[in-house]
Amino acid sequence: VPLLCLRNGQPEAALPRSSSPSQELAPRKSAEVGTAATAPAAARTTSLQWAAAGSLLILHLAAVWATRIPGLTTRNDDAAYVLLARSLRSLSGYRDLYQPGAPPHVQYPPGYPAILAAVSFFTGERVHLLVGALLSMLGLLLWFDIARRLWSPAIGLALLAAVVLNPSLVRYGGTIMAEPALLFWSSVGIWALALHPESRRWAVIGAAAVLLAALTRSAGVTLIGAVGAEWLLQRRYRALAAFSLAS
């Protein structure tokens, strides 16, 4: 039963004697401070900033699609990727179907043809160009997220604005080439390892993405050395040993 006392002639509930206003306000104040401390300022991205990032990414996708090369070219790389994807899709192995006897292919890594084979199994080969365009856009999205979390959304937007119309990115995104896939897998690996450096689960995801980047283009092998050197400097010997075995 609450105690009653008179203040200015009016009855009101009295606090127990053991309580004080400072004691009552202390938990609330500490809770507010704790909430503010756990929310990093660099990760706060407004809806307007997200809209700007989305607009830049759509601009990149539109530029890629507007300048795409519809069909195969005489460079032979795109035709080789399509035929290798057909070989994988038909479960014939990784072979050069256009050569007599269909010998095993030894020039290009199987990562990008495997993506084309998996997608075309459900949709057909007409979407090959769309695959590259989407992978290019997703790679840039990951770099925006890296920049906005590690530094600020403004830096992330500046990064996007600088690269969305980059001629090389736009050109490769509109062709049947492995560069967009390399950009995507390397971005996934760096995103996972840079933003979650203490997480074992994300270390596994990041290492797997780096290995997929190396299986997409031979240039991705450099990422394996970079991750290995980083973990060696961090003295993460068990992770480095497992990564070396997987490589």
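As a reminder, the structure under discussion sits directly above these lines.
A.B. asks: Honestly, the nonpolar core in this entry has me stumped. Any pointers?
C.D. replies: Generally speaking, nonpolar side chains in soluble globular proteins are found buried as a group. Y81, Y108, Y112, L116, L135, I176 and W191 are the most contacted members of the largest nonpolar core, which totals 26 residues. For this core, the elements supplying multiple residues, two or more each, are α3 (77–89), α4 (111–123), α5 (128–150), α8 (179–195) and α9 (200–216). Among residues more than four places away in sequence, those in contact with Y112 are Y81, T175, I176, M177, A178, A181, L215 and T216. L182, V210, A213 and L223 belong to the second largest nonpolar core, which has 13 residues in total.

A.B. asks: Just to check I follow, could you spell out the packing of aromatic side chains for this structure?
C.D. replies: For any pair of aromatic rings, the description consists of the separation of the ring centres together with the inter-plane angle of the planes. The full count for this structure, using the stated rule, is seven aromatic pairs. Where W191 meets W202, the ring centres are 5.1 Å apart and the plane angle is 75°; that geometry is what we call edge-to-face. Of this pair, W191 sits in helix α8 while W202 sits in helix α9, and the two are 11 residues apart along the sequence. Taking relative accessible area as the criterion, W202 reaches 19% and is therefore assigned buried. In textbook terms, an aromatic cluster arises when at least three aromatic residues are bridged by ring pairs, as seen for Y81, Y108 and Y112. Across the ring face of W65, the terminal group of R68 is positioned such that the distance to the ring centre comes to 4.2 Å. A cation over an aromatic ring shows up here: R171 above the ring of Y172, its NZ or CZ 5.0 Å from the ring centre.

A.B. asks: So what exactly am I meant to see when it comes to the pattern of salt bridges here?
C.D. replies: As a working rule, side chains carrying opposite charge can pair if their charged atoms are close by. On inspection of all chains with the given rule, the structure shows five salt bridges. Here E125 and R86 are joined by a salt bridge, their closest N and O atoms 2.8 Å apart. Linking E125 in the loop between α4 and α5 with R86 in helix α3, this pair joins segments that are 39 residues apart in sequence. Judged by its relative accessible area of 27%, E125 is partly exposed. Here the salt bridges do not stand alone but share partners, grouping R86, R89 and E125 into one network.

A.B. asks: I keep staring at a nonpolar patch on the surface and nothing clicks. Help me out?
C.D. replies: Residues W50, L138 and L141 make up a contiguous nonpolar surface patch of about 240 Å² in total accessible area. When you line up the elements, W50 lands in helix α2 (residues 47–66). A residue is classified by how much of its surface remains accessible, and W50, at 37% relative accessible area, is partly exposed.

Definitions and cut-offs
Residues numbered from 1 in each chain as written. Predicted model: local features only at pLDDT ≥ 70, side-chain atom pairs only at ≥ 80, totals over all residues. Heavy atoms only, no water. Core = buried A, V, L, I, M, F, W, Y, C linked by side-chain atoms within 4.5 Å. Buried < 20%, exposed > 50% of the residue type's maximum accessible area, 1.4 Å probe, protein only. Helix = DSSP H or I, 4+ residues; strand = E, 2+ residues; numbered from the N terminus. Contact = heavy atoms within 4.5 Å. Phe/Tyr/Trp six-rings, centres within 6.5 Å; stacked < 30°, edge-to-face > 60°. Lys NZ or Arg CZ within 6 Å of the ring centre and 35° of its normal. Salt bridge = Lys/Arg side-chain N within 4 Å of Asp/Glu carboxyl O. Patch = residues over 30% accessible without salt bridge, like charges linked within 9 Å, V, L, I, M, F, W, Y side chains within 5 Å. Areas by Shrake-Rupley, 256 points an atom, 1.4 Å probe, with all protein chains shown as cover.

Structural measurements only, silent on function.
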